[in-house]
Amino acid sequence: MRLLLLIPLAGLALAMTPPATAQSRTTIVVAADGTGDHTTVQAAVDAVPSGNAWPVTILVRKGTYKQQVVVPADKPHISLVGDTRDPRAVVLTFDASASTPKPDGSGTYGTSGSASYVISAPDFTARNLTFENSYDEAAKGNSQAVAVRTTGDRQVYENVRFIGNQDTLYANTPSAATTARQYFRDCYVEGDVDFIFGRATAVFDNCVIKALNRGSTDNNGYVTAASTELSNPYGFLIYRSHLTSNAPARTFHLGRPWPAGGSATARGQVLVRESWLGQQFKDAPWTDMSGLNWRDARLSEYRNHGPGATVNNDRPQLTAEQAATFTPQRYLAGTDGWNPVRGHHPHPGYGMGREALPRDDGWAAATTGTTGGSAARPENVHVVSTRAQLRAALGDPADNTPKIIYVRGAIDADTDDSGAPLTCADYAVNGYSLPAYLAAYDPAVWGRTSVPSGPLEDARRASYNKMAAHVTVTIGSNVTLVGAGGDAALKSFGLRISNADNVIVRNLTITDTSDCFPQWDPTDGADGNWNASFDNVEVSGSTHVWLDHNTLNDGDNPDSGQPLHFGRPYQVHDGLLDVVRGSNYVTLSWNHLSGHDKVTLIGNTDNPTRYGEADKLKVTLHHNHFEGLGQRTPRVRFGQVHVYNNYYTGGPTHGYSIGVGFGSKVYAESNAFDGIAAAKVLSVFGGTAVTAKDNLVDGAPADLVAAYNAANGTALGADAGWTPTLVTRIDPAQALKALVPAGAGAGRRHM
């Protein structure tokens, strides 16, 4: 029996109000298989009373739900939530387009009517699901086909996907005289023409916005079509997001201003700030629409980066002072101070894959920094343990959607798709064999005045090309490739970070990238040389790259174990880690490199115009362990290269450590060299000066420049002409002997 307590009259009104904590637990379950309260989302929405005053959660179980749904304006405080963190598992879809006839014969749906979901309720939240318009544009022709039309105020969309083609997301208001604020956080939006459009005040925070390729070589579409009224200072803000695409370079627009309904007072406002822009964007990315000149609208950028970001007369930029008034909080505050930004949390799935380069950690932290794939959505996080899985996860390098790829265990490139091992004989074509090659190009037969040519050289090159196609993997933009544990390894792969931006490679052993088909060149040096063509890692034409806590070596196949042919070492390895072809903003930290001859080349030509490297090749090397190496740790051309806090040990093959090449500006400080003579630390290849300070040789302070000059009778300058500022810390050089070997290399960081 329940006891009834008398309530004082003064507390009667308060007691009669249901407690918010009890009401906030109201949940309606939608399950297509009938195990929930309803089988459709619309039925669950209909079950919420008009004028609802308490939070209600509509929990949608895994499945695909095909139905047009309306969440009316008189049903606020609804949260529509998928029951899994993977938004792909709950798909809310319909397939009407503007040109699709209605079933009742009353005409076509029109743009607004094509929406799979119309969400007019204020204080609405959606999480962990996909809104889709599945109209088949390819089969049925181009037409507007809206996935979601929003008109409610104070709406939040978190970890939600919006899928469509033309007019995917219609962010709107009830009328031109009203405003509606909508916050999209950690979302994914894809489409082609005007696929984010409307009159709303909408903030896209840490979202992936993918522009789809329509097959054009000139114009594949427009990301935005804002119709913001002049009375509203805030339209669309795309903030710290990734604007990606699989479209060709310079074939997409950032947007155009839409005078909705012929409005004479619509002047679209769009700001894209601090975001990564892919190659798809035109140099003049804004354009006119329906007679409205884009320059009469309010379209601008601020501090964007990536291959599609530039500054010119066709790309208005905010000043820092202006940008201070165009923040997510300012957009969303309105008159009631609404601030959903305070509740922001990073993507799920923590660990090294989500980590970005810390601030000031070398040159890769310059300008916008290096974040890799840290913005990857759940569907773009992969765990791979075979060569086929790795290649599939990397996908097309031109598709710059953020990705995190975890490598589990050791993966051998010399395997076929079934995992069976491959040998050099499996790559050989056109009758190539090493004995035949040696017989054809023996200096006693071929001579020493020209490089090999003819059928066997052609066969060697074709065999090399076949091998290269199999073992080379290319990493595109916005990727983090990370070892999942201390045993993660890539054997025999040639990793290429080529023409990419914003890449992180961490916690991997990258070993034995050997060439089955090195070329004999009798003109290379006095006695000729064998030259291999694979690097363990090559950073080529790329920017903002961070390689950290990796181990690079030749594994159980060192060049010292190879035979002599024509009296010269048969060298099957090239560089361990090269940074070439105008790459810029690179940090190499806490790596262990060992047992190799040619290690790190920074810049691959003395020609200042070939790759325009004179103001590039800005690279930082810190806390790396260079153990028993021959040369190039590093050899530098042109670049402003900061070499600090590294630990070097010599060996029988050591030639020199730091190469001062043509046009180089090397700043070497607080490094420790053991078993390497002070006069052998530096070598000069056309350079004129190097700053070398606070370095130790066998535990004692050493003036490396003076030692080199004394040994060689030269006058190498001691001032490189610049001072590094992007430095995490300078440890006492005396501590490096213990600190670096204990911390550098794969497996020294935990997930």
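This text follows the structure it describes.
Residues numbered from 1 in each chain as written. Predicted model: local features only at pLDDT ≥ 70, side-chain atom pairs only at ≥ 80, totals over all residues. Heavy atoms only, no water.

A.B. asks: Got a minute to help me understand the overall build of the protein in this structure?
C.D. replies: Within the protein one finds 14 helices and 55 strands. A principal-axis box enclosing the C-alpha atoms of the protein has dimensions of 100 × 65 × 60 Å. Per-residue burial for the protein yields a buried fraction of 57% across its 751 residues. Total accessible area on the protein is roughly 29100 Å²; 52% of this is exposed by carbon and sulfur atoms. The averaged location of the 71 negative side-chain charges in the protein is 5 Å from the averaged location of its 61 positive side-chain charges. (Helix = DSSP H or I, 4+ residues; strand = E, 2+ residues; numbered from the N terminus. Buried < 20%, exposed > 50% of the residue type's maximum accessible area, 1.4 Å probe, protein only. Areas by Shrake-Rupley, 256 points an atom, 1.4 Å probe, with all protein chains shown as cover. Lys, Arg positive; Asp, Glu negative; His and termini not counted. Charge placed at Lys NZ, Arg CZ, Asp CG, Glu CD.)

A.B. asks: Whenever I open this one, unusual backbone geometry confuses me. Can you help?
C.D. replies: Most peptide bonds take the trans configuration, and most residues that are not glycine carry a negative phi. The step from threonine 633 to proline 634 runs through a cis peptide bond, and the omega angle for that step is 0 degrees. In this structure, aspartate 167 takes a positive phi of about 60 degrees despite not being glycine. Secondary-structure assignment places aspartate 167 in the loop between strand S10 (155-163) and strand S11 (169-171). Its relative accessible area of 6% is what places aspartate 167 among the buried residues. Within the chain, threonine 367 stands out as a residue other than glycine whose phi angle is a positive 50 degrees. With respect to the helices and strands, threonine 367 occurs in the loop between helix H7 (328-333) and strand S24 (381-384). Exposure remark for threonine 367: the relative accessible area of 53% places this residue in the exposed category.

A.B. asks: Any chance you could explain the pattern of salt bridges here in plain terms?
C.D. replies: Two side chains that carry opposite charge are able to pair once their charged atoms sit near each other. With the rule as written, the count across this model stands at 29 salt bridges. Taking the shortest distance from any N to any O, the salt bridge between arginine 154 and aspartate 336 comes out at 3.2 Å. Note that arginine 154 is positioned in the loop between strand S9 (148-150) and S10 and aspartate 336 in the loop between H7 and S24, a separation of 182 residues in sequence. Residue classification places arginine 154 among the partly exposed positions, given a relative accessible area of 24%. (Salt bridge = Lys/Arg side-chain N within 4 Å of Asp/Glu carboxyl O.)

A.B. asks: Mind showing me how you'd approach helix H12 (residues 455-471) here?
C.D. replies: In an α-helix there are 3.6 residues to a turn, and that puts residues three or four apart on one side. Its 17 residues place the ends of H12 24 Å apart at the C-alpha level, agreeing with the 24 Å of an ideal helix rising 1.5 Å per residue. Residues Leu456, Glu457, Ala459, Arg460, Ser463, Tyr464, Met467, Ala468, His470 and Val471 constitute the buried set of H12. Here the buried face of H12 lies against helix H8 (387-394), helix H9 (424-427), helix H10 (434-441), strand S27 (472-475), strand S30 (494-498) and strand S33 (519-521). (Expected span 1.5 Å × (residues − 1). Contact = heavy atoms within 4.5 Å.)

A.B. asks: When you look at the packing of aromatic side chains in this model, what are you seeing that I'm missing?
C.D. replies: Centre-to-centre distance and the angle between the planes together describe a pair of aromatic rings. Taken as a whole, this structure holds 32 aromatic pairs when the rule is applied. Plain terms: the ring middles of tryptophan 520 and tryptophan 530 are 5.4 Å apart, the flat faces sit at 50 degrees to each other, and that makes the pair tilted. Taken together, the positions of tryptophan 520 in strand S33 and tryptophan 530 in strand S34 (residues 529-531) put the pair 10 residues apart, joining distant regions of the chain. Assigned by exposure class, tryptophan 520 and tryptophan 530 land together as buried. Aromatic rings pair up to connect Tyr432, Tyr437, Tyr441, Trp446, Phe517, Trp520, Trp530, Phe566 and Tyr570 into one cluster. Against the face of tyrosine 222 rests arginine 256, its NZ or CZ located 3.8 Å from the ring centre. Stacked on the ring of phenylalanine 685, the Lys or Arg arginine 635 has its end atom at 4.0 Å from the ring centre. (Phe/Tyr/Trp six-rings, centres within 6.5 Å; stacked < 30°, edge-to-face > 60°. Lys NZ or Arg CZ within 6 Å of the ring centre and 35° of its normal.)

A.B. asks: What exactly am I supposed to notice about the state of the cysteines here?
C.D. replies: Here, the word disulfide means a covalent bond between the sulfur atoms of two cysteines. For the coordinates displayed, the defined rule picks out 1 disulfide. In this model, cysteine 424 is linked to cysteine 516 through a disulfide, with the two sulfur atoms separated by 2.0 Å. Looking down the S-S bond of the cysteine 424 and cysteine 516 bridge, the torsion is -75 degrees, so its handedness is left-handed. Placement of cysteine 424 in helix H9 and of cysteine 516 in the loop between strand S32 (509-511) and S33 is noted, with a sequence separation of 92 residues between them. Assessed through its relative accessible area of 40%, cysteine 424 is described here as partly exposed. When its relative accessible area of 12% is taken as the criterion, cysteine 516 is described as buried. Of all cysteine sulfurs in the structure, the one in cysteine 207 sits closest to cysteine 187, which takes part in no disulfide; the separation is 4.5 Å. (Disulfide = S-S within 2.5 Å.)

A.B. asks: When you look at the side chain of glutamine 640 in this model, what are you seeing that I'm missing?
C.D. replies: Among the structural elements, glutamine 640 can be located in strand S47 (residues 640-644). Once residues within four sequence positions are removed from consideration, glutamine 640 is found in contact with Trp363, Lys616, Leu617, Lys618, Val619, Lys665 and Trp722.

A.B. asks: Quick question: what am I supposed to make of helix H14 (residues 736-743) here?
C.D. replies: Within H14, the full set of buried residues consists of Leu736, Val740 and Gly743. End-on, the buried residues of H14 take up no more than an arc of 85 degrees, which puts them together on one face. Among the exposed residues of H14, those pointing more than 90 degrees away from its buried face are Lys737, Ala738 and Ala742. (Arc of directions from axis to C-beta.)

A.B. asks: Explanation requested: the environment of aspartate 396 in the structure shown.
C.D. replies: In this fold, aspartate 396 is placed in the loop between H8 and strand S25 (403-407). The spacing of aspartate 396 and asparagine 246 is 150 residues in sequence and 8.5 Å in space, taken between C-alpha atoms. A distance of 2.9 Å separates a polar side-chain atom of aspartate 396 from the backbone nitrogen of alanine 398. (Polar contact = N/O pair within 3.5 Å; in protein donor to acceptor, adjacent residues only side chain to side chain.)

A.B. asks: Explanation requested: the sheet that holds strand S31 (residues 501-506) in the structure shown.
C.D. replies: Strand pairing in a sheet takes place through backbone hydrogen bonds and is either antiparallel or parallel in direction. Pairing in this open sheet of 10 strands is parallel, and the strands run S24-S25-S28-S31-S36-S41-S44-S47-S50-S53 from one edge to the other. Edge strands, defined here as strands with exactly one partner in the open sheet, are S24 and strand S53 (690-693). Across the sheet, the axes of successive neighbouring strands diverge by a mean angle of 10 degrees, strand direction being ignored. Here strand S50 (residues 665-669) pairs with S53 via 4 bridges, running parallel. Within S53, the position partnered with valine 666 by the bridge is valine 690. (Pairing = 2+ DSSP bridges. Axes fitted to C-alpha atoms, helices over the stretch in contact; angles between N-to-C directions.)

A.B. asks: Would you explain the sheet that holds strand S45 (residues 625-627) in this entry?
C.D. replies: Within the open sheet, the 10 strands sit side by side as S26-S29-S32-S37-S42-S45-S48-S51-S54-S55. Their pairing is mixed. Either end of the sheet is taken by a strand with one partner, and the two such strands are strand S26 (410-412) and strand S55 (700-702). Going from strand to strand, the sheet's axes swing by 15 degrees on average, the running direction of each strand aside. Two elements, strand S42 (residues 592-594) and S45, share 3 bridges in a ladder whose sense is parallel. Looking across to S45, one finds that histidine 592 is bridged to histidine 625.

A.B. asks: Could you clarify how one ought to interpret the environment of valine 451 in this entry?
C.D. replies: Following the sequence through the fold, valine 451 ends up in the loop between helix H11 (443-446) and H12. It is 48 Å that separates the C-alpha atoms of valine 451 and lysine 210, two residues lying 241 residues apart in sequence.

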